[in-house]
Amino acid sequence: MLIKPTLFVISAPSGAGKSTLIRNIKPLFPDMRYSISCATRPPRKGEIDGVSYYFISESKFKSMSRAGEFLEWKNVHGNLYGTPRQPVSDVLSAGGRMIMDIDVEGAREVFMKIPEAVGIFVNAPSLAELEKRLRKRRSDSEESIRVRMLNAYHEMRMADLFTYSIVNDELNVAVRELAEIIRKESEANTV
Ligand code: ADP
Ligand code: 5GP
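These numbers come from a predicted model, not from an experiment. (Residues numbered from 1 in each chain as written. Chains lettered and ligands numbered in written order. Predicted model: local features only at pLDDT ≥ 70, side-chain atom pairs only at ≥ 80, totals over all residues. Heavy atoms only, no water.)

1. Considering the site of ligand 1
Inspection of the region around ligand 1 gives 14 residues, with Gly15, Ser19, Thr20, Arg137 and Asn168 positioned closest. Measuring from an oxygen atom of ligand 1, one finds a side-chain N or O atom of threonine 20 at 2.5 Å. Taking aspartate 169, its main chain carries an N or O atom lying 2.9 Å from a nitrogen atom of ligand 1. When atoms are counted within 2 Å of each cavity's grid points, the one that captures over half of ligand 1 is the largest pocket. For the shell around ligand 1, the elements supplying multiple residues, two or more each, are helix 1 (18-25) and helix 5 (127-137). A breakdown of the residues in the shell around ligand 1 according to their chemical character gives three nonpolar, six polar and five charged. (Near = heavy atom within 4 Å. Polar contact = N/O pair within 3.5 Å; in protein donor to acceptor, adjacent residues only side chain to side chain. 1 Å grid on protein atoms, 1.4 Å probe; cavity = no way out; pocket = protein on both sides within 12 Å on 5 of 7 lines; lining within 4 Å. Sits in = over half its atoms within 2 Å of the grid points. Helix = DSSP H or I, 4+ residues; strand = E, 2+ residues; numbered from the N terminus. Nonpolar A, V, L, I, M, F, W, Y, C, P; charged D, E, K, R; others polar.)

2. Quick notes on the packing of aromatic side chains
Per the stated rule, a full pass over the model turns up six aromatic pairs. Between the aromatic rings of tyrosine 53 and tyrosine 81, the centroid separation amounts to 5.7 Å while the plane-to-plane angle is 55 degrees, which identifies the pairing as tilted. Taken together, the positions of tyrosine 53 in the loop between strand 4 (38-39) and strand 5 (54-55) and tyrosine 81 in strand 7 (residues 79-84) put the pair 28 residues apart, joining distant regions of the chain. The pair tyrosine 53 / tyrosine 81 is uniform in exposure class, with both members buried. By the ring-pair criterion, three or more aromatic residues cluster together here, those being Tyr53, Phe55 and Tyr81. Lying over the aromatic face of tyrosine 34, lysine 26 brings its terminal NZ or CZ to 4.5 Å of the ring centre. (Phe/Tyr/Trp six-rings, centres within 6.5 Å; stacked < 30°, edge-to-face > 60°. Buried < 20%, exposed > 50% of the residue type's maximum accessible area, 1.4 Å probe, protein only. Lys NZ or Arg CZ within 6 Å of the ring centre and 35° of its normal.)

3. Thoughts on the site of ligand 2
If you check the shell around ligand 2, you find 17 residues, and the closest are Ser37, Arg41, Tyr53, Tyr81 and Asp101. A distance of 3.2 Å separates an oxygen atom of ligand 2 from a polar backbone atom of glycine 82. Contact between ligand 2 and aspartate 101: an oxygen atom at 2.7 Å from a side-chain N or O atom of the residue. Contact with the protein chains hides 97% of the accessible area of ligand 2, taken as 510 Å² for the molecule alone. Its atoms largely coinciding with the cavity grid, ligand 2 occupies the largest pocket. The set of elements that each furnish at least two residues to the shell around ligand 2 consists of strand 6 (70-76) and strand 7. In the shell around ligand 2, the residues fall into four nonpolar, five polar and eight charged. (Areas by Shrake-Rupley, 256 points an atom, 1.4 Å probe, with all protein chains shown as cover.)

4. A few points about the pattern of salt bridges
Counted under the stated rule, the structure contains 15 salt bridges. Close ionic contact of arginine 108 with glutamate 105 constitutes a salt bridge, the shortest N to O distance being 3.4 Å. Residue arginine 108 and its partner glutamate 105 are located together in helix 4 (residues 104-113), separated by three residues, close to a single helical turn. Assessed through its relative accessible area of 35%, arginine 108 is described here as partly exposed. Bridged by salt links that share partners, the residues Asp31, Arg97 and Glu187 form one connected network. (Salt bridge = Lys/Arg side-chain N within 4 Å of Asp/Glu carboxyl O.)

Structure below.
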């Protein structure tokens, strides 16, 4: 089996389940690399610096941005998030495949810079279910949930920017769909 160098860009309203989906496909694609973003928000319980994100100060973020170290960066829900440029070009030029989990505005910028990137939009079955999941996660304040729900309307309107759309209702079904897209877009059988 041959692998094409492929960048998968996954976006979703916060709480739709994209981190859960990505966690579930990890064992299926051992060669897959994951873009680790820089973020100025504090870590949630269980998040490890250098694994979930590089948690950095706003001044460090701004100096990295000035030095051109981000492929893209955005203010999302009041915090700064940026994709380090170097790892993406390293993986793609080495012929590998990579997933990045970024917001819809960041995704739009990546599609302009890397038009062959494969966009996948993940959604919850309904806004009510989205809010339920944000509450179930127990990691966001009431104010943060309100901001995330308001942003969800805007994000859903931008779903057309993405080649694929997955509704994360039954988790196992959504994991299968995501795995199918990854295989179809980045794997070629040699026989
Ligand atoms: P995101 O990364 O999109 O912000 P998470 O992966 O953190 O979202 O998921 C938000 C919450 O919803 C978590 O508590 C997660 O366990 C739960 N969740 C994810 N997928 C499903 C699903 N298919 N059905 C029910 N709950 C889900
Ligand atoms: P969270 O704080 O829930 O981890 O992430 C909030 C939002 O920021 C999510 O929509 C996530 O996809 C997005 N995000 C994470 N990293 C980046 C990044 O590097 N760039 C952009 N534009 N968005 C990001």
